[in-house]
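Chain by chain, the residues run as shown.
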Amino acid sequence: MSVLNKVLGVAGAVLLLGGALLGFRTVSSGGTSCGSAFRPAGGITPMSCDNALNSASTLTTVVIVAGVLCLIGAIAVKMLSDRGQQKVTA
């Protein structure tokens, strides 16, 4: 495994885990607990928490997508290096 492959794989895993943790982090707006991106609080006035929940959801989505892209990059690097080694041995 190349160093790039390992770095992309570890970064992808860390970003996915971080994104999941961000999704469960509780946010608040004006002293009101709004819940989290994955589980909004019940009984809240929607307009008071819209901005906080939208920001939390956007951040969570961006971090998770970055993690997925890193993992896809790691798989692509692995496939390309395996393909290059097959041509050398053939």
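Preceding block: the structure.
This report concerns the structure included in the present document. (Residues numbered from 1 in each chain as written. Predicted model: local features only at pLDDT ≥ 70, side-chain atom pairs only at ≥ 80, totals over all residues. Heavy atoms only, no water.)

Some details on the pattern of salt bridges
Applied cut-off: Salt bridge criterion: a side-chain nitrogen from Lys or Arg within 4 Å of a carboxyl oxygen from Asp or Glu. Only DSSP runs of H or I with at least four residues qualify as helices, and only runs of E with at least two residues qualify as strands; both kinds are numbered from the N terminus onward. Only protein chains enter the accessibility calculation, which uses a 1.4 Å probe; a residue whose area is less than 20% of its type maximum is buried, one above 50% is exposed, and one in between is partly exposed.
The tally for this structure, following the rule as stated, stands at one salt bridge. As a salt-bridge pair, Lys 78 and Asp 82 come within 3.3 Å of each other at their nearest N and O atoms. Taken together, the positions of Lys 78 and Asp 82, both in helix α2 (residues 46-89) and four residues apart, correspond to about one turn of that helix. The partly exposed category is assigned to Asp 82, whose relative accessible area is 28%.

Focus on the packing of aromatic side chains
Applicable threshold: Under the pairing criterion, centres of Phe, Tyr and Trp rings, with the six-membered ring standing for Trp, must be within 6.5 Å; the plane angle then separates stacked pairs below 30 degrees from edge-to-face pairs above 60, leaving the rest tilted.
One pass over the structure, following the stated rule, counts one aromatic pair. Where Phe 24 meets Phe 38, the ring centres are 4.9 Å apart and the plane angle is 75 degrees; that geometry is what we call edge-to-face. Residue Phe 24 is located in helix α1 (residues 3-24), and its partner Phe 38 is located in the loop between β2 (32-35) and α2; the two are separated by 14 residues in the primary sequence.

Quick notes on a nonpolar patch on the surface
Heads up, the rule is: For patches, a residue must show more than 30% relative accessible area and have no salt bridge; joins then use 9 Å for like charges and 5 Å for nonpolar side chains, namely Val, Leu, Ile, Met, Phe, Trp and Tyr. The Shrake-Rupley method, run with a 1.4 Å probe sphere, supplies the accessible areas, and residue values consider only the shown protein chains as cover.
A grouping of Val 65, Val 68, Leu 69 and Ile 72 is seen on the molecular surface, where their side chains present a nonpolar patch of about 340 Å² in accessible area. As for its placement among the helices and strands, Leu 69 is situated in helix α2.

Digging into the state of the cysteines
Selection criterion: By disulfide we mean two sulfur atoms from cysteines, separated by a distance within 2.5 Å.
Applying the stated criterion across every chain yields a total of one disulfide. For Cys 34, the disulfide goes to Cys 49, at an S-S distance of 2.1 Å. Residues Cys 34 and Cys 49 share a disulfide whose torsion about the S-S bond is about -75 degrees; that sign makes it left-handed. Linking Cys 34 in strand β2 with Cys 49 in helix α2, this pair joins segments that are 15 residues apart in sequence. Of the two residues examined, Cys 34 and Cys 49, each falls in the buried class.

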